[in-house]
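Chain residues, written in single-letter form:
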Amino acid sequence: MASEFDLIARYFDRPAPNAVLGVGDDAALIRPAPGMELAVSADMLVAGRHFFPDADPERLGHKSLAVNLSDLAAMAATPRWALLSLALPEADEAWLAGFSRGFFALADRYGVDLVGGDTTRGPLNISVTILGEVPAGGALRRDGAKAGDDIWVSGEIGAAALGLRHLFGELELTGSEAAACLARLHAPEPRVTLGLALAGVAHAAIDISDGLLADLGHILERSQLGAEIELARLPAAAAVAARLPDPRAMACLLAGGDDYELCFTAAQGQQEAVLAAGQSAGVPLSRIGRISAAPGLRVRRPDGEQLDMKVTGFDHFAN
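Residues numbered from 1 in each chain as written. Predicted model: local features only at pLDDT ≥ 70, side-chain atom pairs only at ≥ 80, totals over all residues. Heavy atoms only, no water.

(A) Helix 3 (residues 93-109), seen in detail. Look at helix 3: 24 Å from first C-alpha to last across 17 residues, which is about the 24 Å you get at 1.5 Å a residue. For helix 3, every residue scored as buried is listed here: Trp95, Leu96, Gly98, Phe99, Ser100, Gly102, Phe103, Phe104, Leu106 and Ala107. N-cap assignment for helix 3: the residue whose side-chain oxygen lies 3.1 Å from the backbone N of alanine 94 is aspartate 92. Looking at the residues trailing helix 3, positive phi occurs at glycine 111, about 65°. (Helix = DSSP H or I, 4+ residues; strand = E, 2+ residues; numbered from the N terminus. Expected span 1.5 Å × (residues − 1). Buried < 20%, exposed > 50% of the residue type's maximum accessible area, 1.4 Å probe, protein only. Polar contact = N/O pair within 3.5 Å; in protein donor to acceptor, adjacent residues only side chain to side chain.)

This is the structure we're talking about:
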């Protein structure tokens with residue numbers, strides 16, 4: 001049986017051209033470019049909690065890095081380096097080959113070097129730490145929203161959550177709907193290019209990992225502001241829109257996680273610049289509401305009445 005170090009050498013030890021020293025020593029050495037700040041984020045994916053234990057390893061390798069890249073996208077940071085730690089029930093080389101293939105395919109797209117990490121035996125658990133660079137003072141932050149800002153969302157939302165409900169047997173999707181929704185669930189596309197294009201245009205941003213209302217709520221909390229959004233303006237994925245106003249579809253739209261789209265705010269006078277950023281990144285953008293000085297988050301139905309939502313998003317210790 002291959003040793004821990006054999007597995008690392010075989011599947012994860014690659015040249016790291018953007019690092020001073022990569023995999024193989026007690027620590028990596030990295031050198032940020034002059035005038036840059038480091039943006040650092042970590043995410044843990046636990047079998048049975050974040051993914052099914054029999055999940056396709058190649059897609060899982062992609063997703064484990066994608067969710068971290070999404071965090072950097074929300075801060076307008078350029079991804080540069082990653083650390084990967086794996087707890088594995090056994091040294092399954094076929095699984096490792098698929099996982100590393102998915103991980104590195106996405107890493108190569110964004111020029112990310114794997115510079116270290118750890119492996120151990122245990123229940124399947126994947127932890128990635130991502131490091132990126134952003135010009136000093138130029139990061140998009142959750143506390144940057146301003147009263148009067150437009151609120152925007154990239155792409156479409158609700159598909160990943162709807163796909164998960166399909167897997168749990170809570171509703172039935174057609175073959176093409178299931179394929180589209182499960183692709184969003186298992187292989188999300190981080191909006192790195194869009195995040196970079198929004199630098200200097202947006203005021204605040206966050207990625208939608210726990211649901212639109214919950215994640216927008218984090219911006220409002222940090223910025224000490226409120227918001228009003230219009231239900232009719234939300235960019236619902238096709239399978240979600242086809243099932244509205246079914247409460248299950250509504251919950252996916254407003255409170256479903258795993259979409260990894262960006263929710264951001266920008267001044268009303270920046271609408272053309274925002275749309276240009278979306279066009280340059282090849283990502284459709286929807287203006288869904290406005291930041292207000294009055295506290296609270298309100299969702300308006302097409303008839304103008306306020307929607308009463310009992311669930312706002314995913315919480316690891318409440319769900």
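Now that the structure has been shown, the text picks up again.
(B) Main features of the sheet that holds strand 6 (residues 204-207). The strand order across the open sheet built from 6 strands is 6-8-5-9-7-10, with neighbouring strands paired in mixed fashion. Looking at which strands have only one partner, the edges of the open sheet turn out to be strand 6 and strand 10 (297-300). Between one strand axis and the next, the sheet turns through 25° on average, direction left out of account. Sheet analysis places strand 6 next to strand 8 (residues 262-266), joined by 4 bridges and oriented antiparallel. Its bridge partner lying in strand 8, alanine 204 is registered against threonine 265. Against the sheet, helix 2 (residues 57-74) contacts strand 6 and strand 8, and its axis sits at roughly 170° relative to strand 6. Docked against the sheet, helix 10 (residues 271-281) engages strand 5 (150-154), strand 8 and strand 9 (285-292), running at close to 10° with respect to strand 5. (Pairing = 2+ DSSP bridges. Axes fitted to C-alpha atoms, helices over the stretch in contact; angles between N-to-C directions. Contact = heavy atoms within 4.5 Å.)

(C) Examining a nonpolar patch on the surface more closely. Taken together, the side chains of Val20, Leu21 and Leu29 make up a nonpolar region of the molecular surface, amounting to roughly 230 Å² of accessible area. Its location among the elements puts valine 20 in the loop between helix 1 (4-11) and strand 1 (36-46). With a relative accessible area of 44%, valine 20 lands in the partly exposed category. (Patch = residues over 30% accessible without salt bridge, like charges linked within 9 Å, V, L, I, M, F, W, Y side chains within 5 Å. Areas by Shrake-Rupley, 256 points an atom, 1.4 Å probe, with all protein chains shown as cover. Salt bridge = Lys/Arg side-chain N within 4 Å of Asp/Glu carboxyl O.)

(D) View of the sheet that holds strand 2 (residues 78-88). What the 4 strands build is an open sheet, ordered 1-4-2-3; its pairing is mixed. Only two strands of the sheet have a single neighbouring strand rather than two, namely strand 1 and strand 3 (113-121). Ignoring strand direction, the axes of neighbouring strands in this sheet form an average angle of 15°. Across 9 bridges, the pairing between strand 2 and strand 4 (residues 125-135) is antiparallel. For leucine 83, the partnering residue across the bridge sits in strand 4 and is threonine 129. Across the face of the sheet, helix 2 comes into contact with strand 1, strand 2 and strand 4 while running at roughly 35° to strand 4. Sheet strands touched by helix 3: strand 2, strand 3 and strand 4. Its angle to strand 2, the strand with the most contacts, is close to 165°.

In short, the description is geometric, and any link to function would need to be established separately.
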